[in-house]
There are 2 protein chains.
Amino acid sequence: MAFDQNDVPAFADIEDAADRVKGVAVETPLLRSDVLDERVGGRVFVKPECLQRTGSFKFRGAYNRISRLGEAELKRGVVAYSSGNHAQGVSAAARLMGSNATIIMPNDAPKAKVEGVHFWGGSVVFYDRATEIREEIAARIADDEGRTLVPPFENKYIIAGQGTLGRELMSQARGFGQEIDKIVCCAGGGGLIAGVGLAAKSMNSETEVWAAEPVDFDDMKLTFETGEHVVNKKLTGSICDAVITPTHGKLTWSLNKRQLSGGYAVTDEEVLDAMAFAWRHLKVVVEPGGAVALASILSGKADVKGRTACAVLSGGNVDPAMFARALERV
Amino acid sequence: MAFDQNDVPAFADIEDAADRVKGVAVETPLLRSDVLDERVGGRVFVKPECLQRTGSFKFRGAYNRISRLGEAELKRGVVAYSSGNHAQGVSAAARLMGSNATIIMPNDAPKAKVEGVHFWGGSVVFYDRATEIREEIAARIADDEGRTLVPPFENKYIIAGQGTLGRELMSQARGFGQEIDKIVCCAGGGGLIAGVGLAAKSMNSETEVWAAEPVDFDDMKLTFETGEHVVNKKLTGSICDAVITPTHGKLTWSLNKRQLSGGYAVTDEEVLDAMAFAWRHLKVVVEPGGAVALASILSGKADVKGRTACAVLSGGNVDPAMFARALERV
């Protein structure tokens, strides 16, 4: 996808998005745990976006985008492709704006995510991750029905919306008299970490931003380390459904390449342990893809000794059977 | 236990307690759920004290009490009896004040609660719920070791500390432009609901306060309805370990009798369903005793149609096996 400098969000776009989502999105709290701090030897805040409306951060960007559509566009509706969290965020934002959404979802999407779309009145079109290209299906529906495509990450307003999360966490930490010096954030398409990083770097240029990804889906980490755009070799094979995009975006990378300090890759077992830890000590429900940042810290891969860090828990939409696997590890 | 009017907390004591716990206790957020509101036909906020330090509201009262002890008293330490949440609250407050705690716990207390006490450096003395009287064991240790007893509910500072939760939820709702007109809160000894009710009634005399209790342990509901002090016939037999005291206190009742609008009694099955709902739609981890208020609302026993209500989720310290039982009901 080509883009010019006008497509790249600035901090002012995040501030504008924050005004727009105020009172509609949840200002999720900044949590901490005495057990966590003792275990890792640092001060670690967590930003639990599982508590966000629709159970993930995706609502922020979707609402920031959809609330800017004109009356005629809202009437024709929107279309999006998503493994499930963007799906719910788009469906909810569309409903709240008096519009409606059609969502292209993989046929192996967690049941909870499909039901979430239905709750908000969204229509679901399933596709096969291995044989079909979701972007093509979405483009066809957009053409046929005049729907506006709401992309999951390659859009200025989406990135700015997700960035409101970064602005919040920096401000909330300051409210506690603390300055976050290291953020660990999951990365799939890279929209969340691009927005969070933009907010963080704008508020404190010294704050480090690190990407957390599943092993074998660590295209951002590898791109950062090699300087070459890396595409994941696999399309399936991780429990972290929310963050296993084929590769990160070009627009998001234009921000991430200058904001990142590096990346971490975590295993499914480390992710399940982090979900169990969050259940036990933070009392929040985190889905596999939402737990990769915490997993990076708990596994010791992300060193936070003596640091004031923040782990973004990006979502909590998980099926009971998967959650039971985490509970077995408590 | 005898008490005079000086023992009864006033709203000023809650405001004083709020100053004292500020920055030490968590200001837990006020959450809501679109699914919940749609299901019950009202606007329901939840106050998730599972996100509180030590995983339950008990830290508020314990810290408010222990932080008022003199240097010599802190040095001699404190003693408390508790099924587990007060235990952890007292242990943490003692540790943070440079003191130490001995806790009398039933030998069937959830493992997570015993481990929580140990994390904070507390010593545990186990007793048998059926054959031993915990108050006597605590009194003996207090005498022998010069420790200060920190009672679970029959104390002005404990009640005022728990009341900070009520003050917060009323203020937070106003921050959202809403006035809470009905609070549903669990009741064991009655300290939490006494403090919450005192705060709520002081801030809005029209706000109703309703007690939620497990079936067969609904001494407060029955005392309210009959006008006679009711003692539960059973000492065991509910999954709601946190709220199955033999009966509520006299000091707490002096407040509750004038603040309550009534009570609800919920079954173990309704409690497990509420835990499952909180897991799925609120993304927070609630223990059985912490879920009785939400269970009252979800079961339809507490009518919140057209109301602006608040359910207090009092804690989240639960063992994985019990939580797995709730997950099976999702």
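Quick caveat: nothing in here was measured; it's all calculated off a predicted structure. (Residues numbered from 1 in each chain as written. Chains lettered and ligands numbered in written order. Predicted model: local features only at pLDDT ≥ 70, side-chain atom pairs only at ≥ 80, totals over all residues. Heavy atoms only, no water.)

**What about the relation of the copies chain A and chain B?**
Right, on to step 1. Once turned by 180° and shifted 0.0 Å along the axis, chain A lies on chain B with an RMSD of 0.0 Å. Here the transformation between the copies is reduced to the relation of a two-fold axis. Closest approach to the rotation axis within chain A is made by the C-alpha atom of V284 of chain A, at a distance of 2.2 Å.
Right, on to step 2. Here 100% of the interface residues in chain A have copies in chain B that are interface residues too; the copies meet face to matching face. (Least-squares fit on C-alpha atoms with pLDDT ≥ 70 in both. Contact = heavy atoms within 4.5 Å.)

**Overview of the interface of chain A and chain B**
Right, on to step 1. Listed as interface residues are 28 residues of chain A and, on the opposing side, 28 residues of chain B.
Right, on to step 2. A buried area of about 2,400 Å², summed over both sides, lies between chain A and chain B, and 65% of it is on carbon and sulfur atoms.
Right, on to step 3. For the interface between chain A and chain B, the tally reads 4 salt bridges.
Right, on to step 4. In this structure, the salt-bridge partner of D34 of chain A is R53 of chain B, at a minimum N-O distance of 2.7 Å.
Right, on to step 5. For the pair chain A and chain B, the interface holds 10 residue pairs in polar contact (both at pLDDT 80 or more).
Right, on to step 6. Broken down by secondary-structure element, the contributors of at least two residues to the side of chain A that touches chain B are β1 (31-32), α2 (34-40), α6 (111-119), α12 (268-282) and α14 (320-327) of chain A.
Right, on to step 7. Among the elements that line the side of chain A that touches chain B, the one with the most residues is α14 of chain A, at 4 residues. (Buried area = accessible area lost by both parts, 1.4 Å probe. Salt bridge = Lys/Arg side-chain N within 4 Å of Asp/Glu carboxyl O. Polar contact = N/O pair within 3.5 Å; in protein donor to acceptor, adjacent residues only side chain to side chain. Helix = DSSP H or I, 4+ residues; strand = E, 2+ residues; numbered from the N terminus.)

**Here's the deal with the sheet that holds strand β2 (residues 43-48) of chain B**
All names here are of chain B.
Right, on to step 1. Taken together, 6 strands build an open sheet; the order of strands is β1-β2-β10-β7-β8-β9 and the sheet is mixed. The sheet terminates laterally at β1 (31-32) and β9 (260-266), the two strands that pair on one side only.
Right, on to step 2. Across 2 bridges, the pairing between β1 and β2 is antiparallel. Counterpart to R32 in the pairing with β2 is F45.
Right, on to step 3. The strands that helix α10 (residues 219-226) touches are β8 (208-214) and β9; relative to β9, the one it contacts most, it runs at about 135°. (Pairing = 2+ DSSP bridges. Axes fitted to C-alpha atoms, helices over the stretch in contact; angles between N-to-C directions.)

**Observations regarding the pairing of strand β10 (residues 308-313) of chain B**
Residue and element names in this part refer to chain B.
Right, on to step 1. The buried fraction of β10 is high, at 6 of 6 residues.
Right, on to step 2. Residue alternation in β10 divides its side chains into two sets, T308, C310 and V312 and A309, A311 and L313, and both sets are buried.
Right, on to step 3. Across 6 bridges, the pairing between β2 and β10 is parallel. Note that in β10 the partner of V46 across the bridge is A311. (Buried < 20%, exposed > 50% of the residue type's maximum accessible area, 1.4 Å probe, protein only.)

**Digging into the domain arrangement of chain A**
Residues and elements named next belong to chain A.
Right, on to step 1. Taken domain by domain, chain A comprises domain 1 (5-57 + 155-327) and domain 2 (59-149).
Right, on to step 2. Between the C-alpha centres of domain 1 and domain 2 the distance comes to 23 Å.
Right, on to step 3. The interface is formed by 34 residues belonging to domain 1 together with 23 residues belonging to domain 2.
Right, on to step 4. When the two sides are added together, the surface that domain 1 and domain 2 hide from each other amounts to roughly 2,400 Å², 53% of it contributed by carbon and sulfur.
Right, on to step 5. Considering only the surface of domain 1 that becomes buried against domain 2, R20, T54 and Y157 emerge as the three largest contributors, covering 25% of it.
Right, on to step 6. Remark: the boundary between domain 1 and domain 2 carries 5 salt bridges.
Right, on to step 7. With its nearest N and O atoms 2.6 Å apart, the salt bridge here joins E287 to K113.
Right, on to step 8. At the boundary of domain 1 with domain 2, the tally comes to 15 residue pairs in polar contact (both at pLDDT 80 or more). (Domains from an automatic or database assignment.)

**Looking at helix α5 (residues 85-96) of chain A**
Residue and element names in this part refer to chain A.
Right, on to step 1. Taking 1.5 Å per residue, 12 residues should reach 16 Å; α5 reaches 17 Å between its end C-alpha atoms and fits that length.
Right, on to step 2. Across the 12 residues of α5, 10 count as buried, placing the element largely inside the fold.
Right, on to step 3. Looking at the buried side of α5, the elements it contacts are α3 (58-66), β3 (78-81), β4 (101-106), α6 and α8 (156-175).
Right, on to step 4. Directly beyond the C-terminal end of α5, a positive phi value near 75° is found at G98. (Expected span 1.5 Å × (residues − 1).)

**Notes on the sheet that holds β4 of chain A**
Residue and element names in this part refer to chain A.
Right, on to step 1. Here we have 4 strands laid out as an open sheet, ordered β5-β4-β3-β6, and parallel in their pairing. For this open sheet the edge positions go to β5 (123-127) and β6 (148-149), each flanked by a neighbour on one side alone.
Right, on to step 2. Bridge count between β3 and β4: 4 bridges; the pairing is parallel. Bridge pairing in β4 links V78 to A101.

**Digging into the packing of helix α3 (residues 58-66) of chain B against helix α5 (residues 85-96) of chain B**
Packed helix pairs are specified by the crossing angle of their axes together with the interaxial distance, meaning the distance between the axes.
Residue and element names in this part refer to chain B.
Right, on to step 1. Packing of α3 against α5 brings their axes to within 8 Å, and their N-to-C directions diverge by 40°. Accordingly, the angle class assigned to the pair α3 and α5 is oblique. For the crossing formed where α3 meets α5, the hand is right-handed. Mapping the contact onto sequence places K58, F59, A62, Y63 and I66 in α3 and N85, H86, G89, V90, A92, A93, A94 and L96 in α5.
Right, on to step 2. Residue composition of the contact of α3 with α5, by class: 9 nonpolar, 3 polar and 1 charged. (Parallel < 35°, antiparallel > 145°, perpendicular 65-115°, else oblique. Left-handed = near helix turned anticlockwise from the far one by under 90°. Nonpolar A, V, L, I, M, F, W, Y, C, P; charged D, E, K, R; others polar.)

**Concerning the packing of helix α8 (residues 156-175) of chain B against helix α9 (residues 191-203) of chain B**
Residues and elements named next belong to chain B.
Right, on to step 1. Put simply, α8 and α9 touch, their axes get as near as 7 Å, and they point 45° apart. Compared by their axis directions, α8 and α9 come out oblique. Between α8 and α9 lies a crossing of right-handed hand. Taking contact as the criterion, the partners of I159, Q162, G163, L165, G166, R167, M170, S171 and R174 in α8 are, on α9, G191, L192, A194, G195, V196, A199, A200 and M203.
Right, on to step 2. When grouped by side-chain class, the residues that make up the contact of α8 with α9 number 9 nonpolar, 6 polar and 2 charged.

**A word on the pattern of salt bridges**
Right, on to step 1. Scanning the entire structure with this criterion turns up 40 salt bridges over all chains.
Right, on to step 2. R32 of chain B is paired through a salt bridge with D34 of chain B; the nearest N and O atoms lie 3.2 Å apart.
Right, on to step 3. Of the residues examined, R32 of chain B reaches a relative accessible area of 34% and is grouped as partly exposed.
Right, on to step 4. Given the relative accessible area of 16%, D34 of chain B is considered buried.
Right, on to step 5. Residues R60 of chain B and E168 of chain B are paired through a salt bridge, measuring 2.9 Å at the closest nitrogen-oxygen approach. Linking R60 of chain B in helix α3 with E168 of chain B in helix α8, this pair joins segments that are 108 residues apart in sequence. With respect to burial, R60 of chain B and E168 of chain B carry one shared label: buried.
Right, on to step 6. Three or more residues are tied together by salt bridges with common partners; here these are R32, D34 and D37 of chain A together with R53 of chain B.

**As for the environment of D218 of chain B**
Residue and element names in this part refer to chain B.
Right, on to step 1. The topology assignment puts D218 in the loop between β8 and α10.
Right, on to step 2. Between the C-alpha atoms of D218 and V117, which are 101 residues apart in sequence, the distance is 28 Å.
Right, on to step 3. When residues no more than four places from it in sequence are discounted, the contact partners of D218 are E213, N232 and A265.

**Details of the pairing of strand β8 (residues 208-214) of chain A**
All names here are of chain A.
Right, on to step 1. Judged by how many residues are buried, β8 sits mostly within the fold: 6 of 7 residues are covered.
Right, on to step 2. In terms of handedness, the path from strand β7 (residues 182-186) via helix α9 (residues 191-203) over to β8 forms a crossover that is right-handed.
Right, on to step 3. When β8 meets strand β9 (residues 260-266), the two strands line up parallel, connected through 6 bridges. Considered in β9, the bridge of A212 is made with Y264. (Right-handed = clockwise from strand over helix to strand, strands pointing away.)

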